[in-house]
Structures are given as structure tokens and as C-alpha cells.
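Below, each chain spelled out in residue letters.
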Amino acid sequence: MDSPAAQIDALKARWMTGATTSGVGPEEWQGLDELSLLALAGQFARVATHPGTSAPLTPRPDIPALPLKPLPEDLRPQFRRLRDDKQFETLDTVRFIAARGYGVHPVDWMPRRTADSLPPAYEVWRDWLNDALPAEAEDHALTAETWDMVAPSRRYADLARLHRDDPEAARALITALAPTLAADQRLRMLQCVQAALTDGDADLLQGFDGDRSSKVQTFVKTQLARLGTGPQSDADAAAEIPDYIDVAKAGILSRKRIIEARKLKTPAQKKSRAQVFAKMSLAGLADVLKMTPDEVIDAWSFGEGTDEIIALVAATGTDAQVSRLAERAIEATEYTPLPLMERLDTATRRAFGLQVLKHDDLALPLTRQWIAEPEGDVSWDALSSLPFKKITSALTESKNANTEAQAAAGVMFLGLIADRDAATRIVDTLVAGGVLPVDPRLTLLRLNAAL
Amino acid sequence: MTITTDTVTALAPDQASLKAASKLMKAAKWPVRLRDEVSNLVWGECQGSGANPYRVVFDASDQGYKCTCPSRKFPCKHTLALMWMYAETPADFGAGDVPDWVTDWLGRRRKTGAAPADKPSSKGKSLSLARAEKPEKPEDPAAIARREAAAKKRAEETEAALLTAVDDLEVWIEDQLRTGLGALLNDLPTRCRAIAARMVDGKAGALAGRIDEIPGRVLALTGEERLDALIAQLGKLVILTRAFRADPQQPDIRRAVATAEKREDVLADPNALRVKSTWEVVGERVTTRRDDLVIHAKWLLNLQAHGPRFALLLDFFPASLGRRSTAFANGEQFEAELVFYPARAPLRALVDQRKTCDPKAWPAPEAEPLAEAARFETALPWNEVAPVLLPPGRIALSGKRSWWTAAGGDLSLPLDQPPPDAVTGMALEAASALWDGARLSLLSAQTDWGRVALDG
């Protein structure tokens with residue numbers, strides 16, 4: 001005899017098509033009217049059975065703990081409010097909180113599976129999301145053979161360490177493995193030589209000069225330029241340079257030289273100039289002008305052609321040359337030489353960012369791009385000269401939404417960079433100026449002051 | 001600038017609002033009345049006519065305000081009452097830290113700085129008139145008799161209409177069986193809408209709402225599960241119609257077919273179950289019905305041993321009013337006396353008295369995870385979902401579907417939707433959820449990462 005479930009299934013099959021159910025169903029139910037049978041069949045599934053699955057159930061491993069203290073429970077709502085503010089990049093807040101030694105709750109925030117720029121402490125969460133954690137606690141020394149066995153979150157940190165301690169071994173590993181990997185992974189491998197780059201890395205980098213990925217190519221060219229072995233100038237372009245710039249003499253004894261780009265009239269002319277500069281190196285430009293590269297940088301007159309010289313130095317200058325031009329650009333103008341900033345190390349960028357902050361209040365949100373790692377360690381001394389009255393007025397009285405939004409973004413940015421004392425003082429200053437103590441735009445500063 | 005009684009009069013949209021506000025000016029109706037002198041903000045929580053208290057805030061410096069009630073009058077009576085009380089007795093308002101919900105309101109608020117198009121005016125409105133009690137006129141006995149006779153006639157008509165409606169529903173279900181449930185599945189929304197409309201005509205409003213939900217519930221499932229789900233839904237309707245015919249006045253059945261009791265009647269009922277306990281908000285469900293009525297359900301877990309394990313606070317408001325927030329956030333605990341609607345398995349309730357409390361732990365779940373749901377099923381077999389407190393377990397995956405699986409592995413229940421990624425890597429020490437016989441809907445859980453809300 002069929003089981004009750006099978007007999008009820010037979011009933012259901014009849015109902016599906018509208019066929020008669022006479023004589024179908026469990027014996028005890030015979031004689032009942034159609035609606036009673038329906039009620040019983042419906043309840044049977046609910047009371048007597050549970051849903052099952054034929055496929056195996058796979059539990060996920062535990063979320064790995066972060067090497068950070070958990071963010072205190074009473075501060076989690078503030079973090080969630082910042083997370084929900086679409087005007088603001090959550091990763092910045094996460095990075096700032098990590099710099100203070102705290103980690104967020106995984107329910108409040110998890111990185112994206114494809115995130116490629118995370119605070120290092122969170123890389124284990126990305127690996128966990130991608131089911132890429134090693135099956136057991138393994139501690140392999142990094143070699144071409146153990147590469148796949150080491151957790152992705154550790155591989156690149158280990159490779160950077162290997163490059164610092166045993167550069168030859170690191171270069172051999174990159175040469176052996178990189179060609180077999182995808183472009184993003186090749187790039188990440190090559191980026192591991194960046195921190196401790198030496199002349200010994202030139203051959204390795206030149207091996208990737210013709211890489212099929214433009215990202216890799218750009219990176220390699222930049223690193224070669226750092227070593228002073230960047231691309232050479234094109235002879236035809238060098239011949240055209242005198243058509244675009246003038247070198248004048250200034251000063252009492254006419255000893256000081258000034259390089260000025262000629263004013264061009266049409267977009268087509270400007271485009272041609274940009275193309276000529278793009279084929280030049282800083283060393284090649286200096287040769288044409290019979291000057292040293294440092295003299296070219298010192299003599300450049302900012303104004304016409306500034307974009308071209310910045311792009312040229314960013315692509316072909318050494319670190320010292322890049323830094324020299326950035327300093328001159330900031331002193332001479334309010335220009336934001338982002339391509340140069342991208343070449344500089346974090347400490348130099350921070351120094352320049354703070355320099356800009358001191359003399360240009362409008363640059364508050366712009367400076368954000370210069371201070372790549374919001375570490376929350378800038379003191380009140382560096383920030384006290386900011387025009388807080390103007391910021392307060394923009395937050396409380398401005399009828400212009402853009403002005404208000406820019407001031408709000410600036411206040412958020414200050415929350416990322418200020419140290420605890422500075423954050424407290426900024427809040428006090430803004431509140432004394434008329435901003436409500438509970439104004440949500442102070443959330444990050446308040447979180448900062450509490451961490 | 002601060003709030004004066006003149007300000008309240010001027011802001012009131014009409015005299016009736018002031019009258020309504022005056023009735024709310026009792027300390028007992030306001031478990032929370034606080035202010036922050038620095039920011040000039042005043043806020044409170046009022047036990048209004050909904051199951052959840054309303055949250056009210058105003059800015060005393062510029063009279064900006066917000067209330068979570070669904071009133072279409074601005075400001076509503078709750079705002080007016082809070083302003084009025086503040087204008088007369090500010091000392092009754094304690095100093096408090098500005099809560100997150102007030103800060104959130106400030107963040108969304110836009111101060112235009114421009115004068116309103118219609119300047120508020122006190123003309124035609126008076127606080128003293130609002131407070132004045134009208135002397136009750138002695139009623140004419142003949143009028144009372146006429147009114148009672150009319151009410152009796154209306155009740156008889158309603159009973160007849162309801163009986164006709166349940167008869168119609170049974171005939172309709174028989175027709176569907178005769179023509180085949182396959183055809184019904186192919187045309188489910190249209191056919192359900194048609195019979196639901198007939199239920200509305202027959203004064204069976206609750207039944208109509210339920211039938212309207214059937215297409216959404218059934219068609220959300222996989223193709224192979226739909227027939228079983230449809231049979232379960234129709235079967236429960238049959239149980240309900242038969243139960244109604246057997247005892248049309250039984251409160252559970254009446255509520256499921258026609259309409260719920262009035263809040264005032266439940267509160268005034270001397271036989272109503274009243275449970276003083278510590279409650280935790282474990283979840284919220286907001287659903288919009290086809291007729292654009294939003295149902296706001298808050299699930300409470302009883303943290304003490306006596307009384308029902310769960311309680312449900314239900315509020316209804318039109319979708320046109322937009323999303324409303326309620327006073328209780330997931331995870332909030334409070335001590336309160338809850339008044340339960342009369343029921344064989346008490347669940348739906350109203351908050352009568354409430355106060356804050358020290359944090360308490362969740363009670364231990366029962367050994368049999370679905371025992372609570374089974375008790376609901378036995379008492380109210382037409383019931384669709386039942387709250388459950390699940391023992392230790394974790395989330396497991398089977399293909400794309402997520403399952404809750406008990407720590408011992410002896411029970412696994414499929415989830416209605418995948419939980420956040422993070423939760424799949426947590427040990428769930430206990431979880432509160434809703435079980436509908438086919439799917440588990442997680443509300444919140446105690447985990448090795450602390451308490452997590454899963455209803456968002």
C-alpha cells in the first residue's frame with residue numbers, strides 16, 4: 001500500500017487537472033467531501049512533514065576575527081549612520097577606524113568580494129567571502145610552488161617582505177609566476193617591489209615594459225622613471241620643442257632663466273603641443289634646453305602648458321624631481337597637481353596635503369585626494385588656522401546647497417584626518433559658532449573624538 | 001524663540017486638532033518627555049491609537065516638528081499636545097541625551113529659511129475652548145431605542161452578509177477544484193482579485209485581504225512548490241469558513257474573517273489577558289496590501305518565563321502616507337504591560353504601560369524548535385505564520401538556497417531569503433524567526449558576534 005504522502009500526492013494530481021477524486025486518497029478519508037479533503041491535504045504537509053533537500057547542506061566556515069579591537073557597541077550606530085550617508089565613502093571611515101586599532105562589526109559592513117584596496121586587516125574577510133581561506137592554519141614560506149597555498153590576503157604582503165629581505169628571490173618568483181597570472185594579479189605582484197625599489201629591479205621591470213595590460217605598462221614605466229631609466233625622448237618631438245617654449249632671462253644680472261610655454265590660440269595647436277610633450281622625457285627636454293632637469297623644474301613658469309610639464313615629469317621624472325615640481329606648483333599656484341601626487345609616497349603626499357590645507361581653505365575636500373590614508377593623527381596645531389567661521393556659516397546659514405555640501409564634506413574630511421584632541425576642538429569650535437551639538441554632520445568628528 | 005501657548009494655537013490646523021490634543025495632555029500617555037537645552041530640541045513618545053507608540057520631536061527654536069503617526073494633519077494632535085505641555089509646564093520635561101532617531105530627523109530636515117506660504121494664524125482657534133468639557137445632554141430614551149434597534153439591524157445584516165460571503169468562498173474553491181488548480185495557477189491574481197472583491201462586498205474584509213495575498217505568497221515559490229502552497233492556502237480558507245459557520249462570534253475566527261476589535265474595547269475588556277513582563281523587539285515586517293494598506297508588524301519576545309513567548313503589535317495605515325517609522329527599534333528592550341486580544345493562542349497585543357529596563361538575556365529555546373509553531377497550528381489551524389525561538393544552529397547553503405540548520409543537524413529549514421553574507425559565518429546561539437510551514441523568515445539572532453537584526 002502506498003504511504004499517506006503518496007496517496008495525498010495522488011489527490012493533488014487529480015486536483016491539478018480537475019479530475020474526479022473519488023476513491024483516491026487515504027482510506028480513512030474516504031467519504032469526506034472535496035473541501036474537507038483539501039483542508040486535510042493542506043494541513044498534512046504542514047503538520048506531518050518538513051521540507052527537505054536532496055543536495056547536501058554546506059555550512060560556511062566562521063568569519064575570521066580581525067586583528068583589531070571591536071568597535072565599541074555604543075559607537076556602532078554612529079558608524080552605521082556614516083555608512084548610510086551616500087555622499088561619503090564608507091571605506092574611508094573603515095580605514096580611519098582601523099588606523100585607530102578598531103574593526104567594525106561584520107553585520108555593519110563587509111568588503112565587496114572584488115574589493116582591491118582594503119585596509120590590510122580586512123583582507124581576511126574578503127578571502128572569507130571568496131571562500132579563499134586556506135583549509136587549515138598553514139604557514140608556508142612563499143615560493144612559486146606554495147603561492148596557491150598561501151591565503152590571497154597574505155601572498156602580496158609576504159612577497160613585499162621577501163622583496164625587502166631577499167630581493168633576488170622575490171624577482172625570481174615574480175619572473176616565474178607573473179606571466180601565468182591575470183593582469184590584476186600581475187600588477188599586484190609588481191606593486192610589491194614598489195616600497196623597496198632599487199636599481200636591481202630595473203631588469204625585472206623592463207621585462208614587463210611590453211606587457212599586454214596597459215595598467216601594467218603604465219606602472220612599469222612609472223617605476224622605471226623613478227629609477228631614472230624612464231623612456232627616452234623622440235628625436236622628432238625634441239626638434240619641435242623650441243616651437244612651443246621660450247627661455248627668457250631675468251634678474252639684475254640676467255642670471256635667472258625662466259621657461260615659458262608660448263600662448264597658443266587654437267585647441268588643435270594645444271593638442272599638438274600635448275602630443276609633443278608626451279613623446280618627451282624630462283632628461284630629453286633638459287638636453288634640448290641645455291639645462292639640467294632640476295634647472296628645468298626651477299625655471300618653469302606656471303600658467304600656459306602647466307598640464308604638459310606636470311604630465312611629463314610625472315611620467316618620466318625621478319621621485320626627487322616629482323617632489324621638487326610638486327613643491328614649486330603648490331608654492332606658485334593653487335593648482336592641484338594630482339598626477340604628481342599619485343607618484344609620491346604617502347608621507348610626502350601628507351606633507352603636501354597639509355601644506356595646501358594651511359593656505360587654502362577651499363581645498364578641504366580636494367586635500368582628501370592627497371592624504372591617501374586617513375590615519376586620524378593630524379594635530380590641532382596644523383588645523384587651528386582653518387577658517388572655522390566660514391565653515392560654520394556655510395553649514396548653518398548658506399542658501400547655496402553646493403557651498404553647504406562642500407563645507408559638510410570638508411567637516412567629514414577633518415573627521416578622518418584629525419587626531420582625538422583636534423577632533424574635540426573642532427567640534428567645540430563649530431558648536432560655539434552655532435552648529436547644533438547634535439548636527440549629524442559632526443558624526444565622524446564625534447566618532448573620532450570617542451576612539 | 002521658544003514655544004508659547006500662542007504658538008500652539010497658531011500652528012494648529014483647526015480647532016478640532018486642539019481639542020484632540022487636549023485629550024492627550026496626560027502624563028500617563030507620555031512615557032517619554034525629554035528636552036535638550038543646548039539644541040532646543042524637545043521629544044517624547046506618546047501611546048496613541050496605534051499598537052506602537054508614536055515618536056514626536058520638535059525644535060523649539062523654529063517650531064520644526066516630526067511625528068511618526070499617520071495623521072494627515074500637520075502638525076498632528078501629538079505634536080500639538082507635546083508643544084502645549086512644553087509651553088505650559090517645561091519643568092515636566094527632563095534633560096536627556098538627544099537620541100539617534102532625533103539626530104536622524106535633523107539630518108534629513110531641510111531648513112528653508114523662507115516664510116511659509118500661509119502664515120499660521122490663531123483666528124478661529126482657542127486653547128481654552130479646546131479644553132472645555134461639553135456638558136452631556138440627557139439623551140432622549142426614544143432616540144436610544146431607535147439607535148439600538150438600528151444597530152441590531154445592522155448587526156443582523158452583517159451576520160447574513162458574512163455567512164453569504166463564506167458560502168460564496170466555498171463554492172468558489174469547489175469550482176477551482178473542478179476546473180483544475182493548474183488553470184487557477186495560470187490565472188491566480190485575476191481570479192483571487194475577483195473573489196476577494198466579493199468578500200469585501202460581503203463585509204469579510206480580513207478574508208478579502210488574505211485572499212489578495214495568496215498570489216504573492218504562492219507565485220514567489222519555485223514552480224514545483226506552488227501546487228502544495230496553493231492547496232495549503234485554499235485548505236486553510238476552508239478550515240476558516242467551516243470554523244466561522246460553527247462559531248461566528250469566536251474572537252479569533254471573527255478577526256480572521258471580518259475585522260478586529262477596536263483598541264478601546266480590548267483595553268477596556270476586564271477579561272483580556274494582561275501580561276507584565278520584559279519584552280524585546282525582535283523584528284519588524286512591513287507589507288503593503290493590494291488595497292494600498294500598509295501593515296506594520298512588530299514582533300516582541302517575552303524575556304520572562306510567564307505569559308506568551310511572543311507578542312505581535314500591528315499597525316495599519318494608507319500607503320499614500322509614505323514609510324512610517326515606529327518607536328521601537330529592533331533590539332530594544334522595555335518593561336511593559338501588554339494587553340492581548342482575546343484568543344485561543346494569544347499573540348496580537350497592545351502596549352498599555354511601558355518603562356525602560358536593564359538589559360536581559362533571551363530565554364532558553366525549547367528543545368523542539370517548532371513546538372511553538374505546532375501549538376499555534378493546533379489552536380488556530382487557519383493561521384499562516386507562527387513565531388519560533390530556534391535553538392543553536394547556523395546557516396548552510398544548498399545550491400543557491402540558504403537553510404537554517406540545527407547544531408545537531410537533526411532539523412534543517414529553508415530560509416525565505418538569503419541572510420547577509422556575514423551571518424553565514426556566525427554561530428547562531430538562538431534565533432527568533434517566523435515559520436509558515438514552508439519557509440523560515442529570520443528576525444534576529446544571538447550569535448558569537450553578539451545580537452544581530454535580520455529583518456532589514
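Residues numbered from 1 in each chain as written. Chains lettered and ligands numbered in written order. Predicted model: local features only at pLDDT ≥ 70, side-chain atom pairs only at ≥ 80, totals over all residues.

Undergrad: Go over the overall build of chain B with me, naming the residues and quoting the values.
TA: The helix and strand inventory of chain B stands at 13 helices and 17 strands. In terms of overall size, chain B behaves like a compact globule, its C-alpha atoms giving a radius of gyration of 25 Å where 456 residues would be expected to give roughly 23 Å. Taken along the three principal axes of its C-alpha coordinates, chain B extends 70 × 65 × 45 Å. The long-range share in chain B, meaning contacts at least 24 apart out of those at least 6 apart in sequence, stands at 61%. (Helix = DSSP H or I, 4+ residues; strand = E, 2+ residues; numbered from the N terminus. Rg over C-alpha atoms; globule rule 2.2 N^0.38 Å. Contact = placed C-beta atoms within 7 Å.)

Undergrad: With reference to specific residues and values, describe the interface of chain B and chain A.
TA: Size of an interface: often given as the accessible area lost when the parts come together. Taken together, the contact between chain B and chain A spans 50 residues of the former and 39 residues of the latter. Listed by contribution, the elements that provide at least two residues to the side of chain B that touches chain A are α4 (100–108), α6 (141–179), α7 (181–186), α10 (223–246), β12 (393–398), β13 (401–406) and β14 (412–414) of chain B. Broken down by element, the residue count for the side of chain B that touches chain A peaks at 9 residues, all from α10 of chain B. Among the residues making up the side of chain B that touches chain A, the classes are represented as 26 nonpolar, 15 polar and 9 charged. The sheet contact formed by strand β1 (residues 58–59) of chain A and β12 of chain B spans 2 bridges and is antiparallel. Of the residues in β12 of chain B, the one forming a bridge with Thr 58 of chain A is Leu 397 of chain B. (Nonpolar A, V, L, I, M, F, W, Y, C, P; charged D, E, K, R; others polar. Pairing = 2+ DSSP bridges.)

Undergrad: For the sheet that holds strand β6 (residues 274–288) of chain B, give the residues involved together with the corresponding values.
TA: Residue and element names in this part refer to chain B. The strand order across the open sheet formed by 5 strands is β8-β7-β6-β9-β10, and the pairing between neighbours is antiparallel. Single-partner strands in this sheet number two, and they are β8 (310–318) and β10 (349–355). Neighbour to neighbour, the strand axes of the sheet diverge by 45° on average, direction disregarded. In this structure, strand β9 (residues 333–340) lies alongside β10, joined through 6 bridges in antiparallel fashion. Looking at β10, one finds that Phe 340 is bridged to Ala 349. (Axes fitted to C-alpha atoms, helices over the stretch in contact; angles between N-to-C directions.)

Undergrad: Please give an account of helix α3 (residues 76–84) of chain A that cites residues and values.
TA: All names here are of chain A. When we look at burial in α3, the residues that qualify are Gln 78, Phe 79 and Leu 82. All buried residues of α3 fall inside an arc of 100° around its axis, so they share one side. Structurally, α3 contributes buried residues whose contacts are with α4 (90–99) and α24 (443–450). (Buried ≥ 20, exposed ≤ 12 C-beta atoms within 10 Å, placed from the backbone. Arc of directions from axis to C-beta.)

Undergrad: Requested: an account of the packing of helix α21 (residues 388–396) of chain A against helix α22 (residues 401–417) of chain A, with residues and values cited.
TA: Residue and element names in this part refer to chain A. Running from N to C, α21 and α22 cross one another at 125°; their axes reach a closest spacing of 8 Å. On the basis of their axis angle, the class for α21 and α22 is oblique. Read as a crossing pair, α21 and α22 show a hand that is left-handed. Contact residues: α21 offers Ile 391, Ala 394 and Leu 395, while α22 offers Thr 403, Glu 404, Ala 407, Ala 408, Gly 410 and Val 411. Residue composition of the contact of α21 with α22, grouped by class: 6 nonpolar, 2 polar and 1 charged. (Parallel < 35°, antiparallel > 145°, perpendicular 65-115°, else oblique. Left-handed = near helix turned anticlockwise from the far one by under 90°.)

Undergrad: Help me get a handle on the sheet that holds strand β5 (residues 94–95) of chain B, residues and values and all.
TA: Residues and elements named next belong to chain B. What the 5 strands build is an open sheet, ordered β4-β3-β2-β1-β5; its pairing is mixed. The sheet is open, and its two edges are formed by β4 (64–67) and β5, each paired on a single side. Note: strand β1 (residues 32–36) against strand β2 (residues 41–46), 5 bridges, orientation antiparallel. Considered in β2, the bridge of Leu 34 is made with Trp 43. Against the sheet, helix α3 (residues 77–88) makes contact with β2, β3 (54–59) and β4, and its axis sits at roughly 55° relative to β3, the strand it touches most. In the packing of α4 onto the sheet, contacts are made with β2, β3 and β4, and the angle to β3 comes to roughly 55°.

Undergrad: Provide a residue-level description of unusual backbone geometry, including the pertinent values.
TA: For the peptide bond that leads from Phe 74 of chain B to Pro 75 of chain B, omega is -5°, which places it in the cis range. Non-glycine residue Lys 290 of chain A carries a positive phi angle of around 55°. Mapped onto the fold, Lys 290 of chain A is located in the loop between α13 (282–289) and α14 (293–299). Of note, the phi angle at Lys 203 of chain B is positive, near 65°, even though the residue is not glycine. Locating Lys 203 of chain B in the fold gives a position in the loop between α8 (188–201) and α9 (205–219). A tally of 19 C-beta atoms within 10 Å means that Lys 203 of chain B is categorised as partly exposed.

Undergrad: Quick one: what's the story with the packing of helix α2 (residues 15–23) of chain B against α3 of chain B, residue by residue and with numbers?
TA: All names here are of chain B. Running from N to C, α2 and α3 cross one another at 65°; their axes reach a closest spacing of 8 Å. Of the two possible hands of crossing, α2 and α3 adopt the one that is right-handed. Packed against α2, whose contacting residues are Ser 17, Leu 18, Ala 20 and Ala 21, the element α3 presents Lys 77, Leu 80, Ala 81 and Trp 84 at the interface.

Undergrad: Lay out the confidence of the model for chain A with the relevant residues and their values.
TA: Summing up the model confidence of chain A, the mean pLDDT is 84 and the portion of residues at 70 or higher is 92%. Predicted confidence in chain A is weakest over helix α19 (residues 364–370) of chain A, with a mean pLDDT of 62, and strongest over strand β3 (residues 102–103) of chain A, with 96. (pLDDT = per-residue confidence, 0-100.)

Undergrad: Account for helix α10 (residues 214–226) of chain A, naming residues and giving values.
TA: All names here are of chain A. Here α10 contains 13 residues, and its C-alpha end-to-end distance of 18 Å stays within 8% of the 18 Å for a straight helix at 1.5 Å per residue. If you follow the buried residues of α10, they end up packed against α8 (183–191), α9 (202–206), α15 (306–316) and α16 (319–332). Within two residues after α10, Gly 228 carries a phi angle of roughly 80°, on the positive side. (Expected span 1.5 Å × (residues − 1).)

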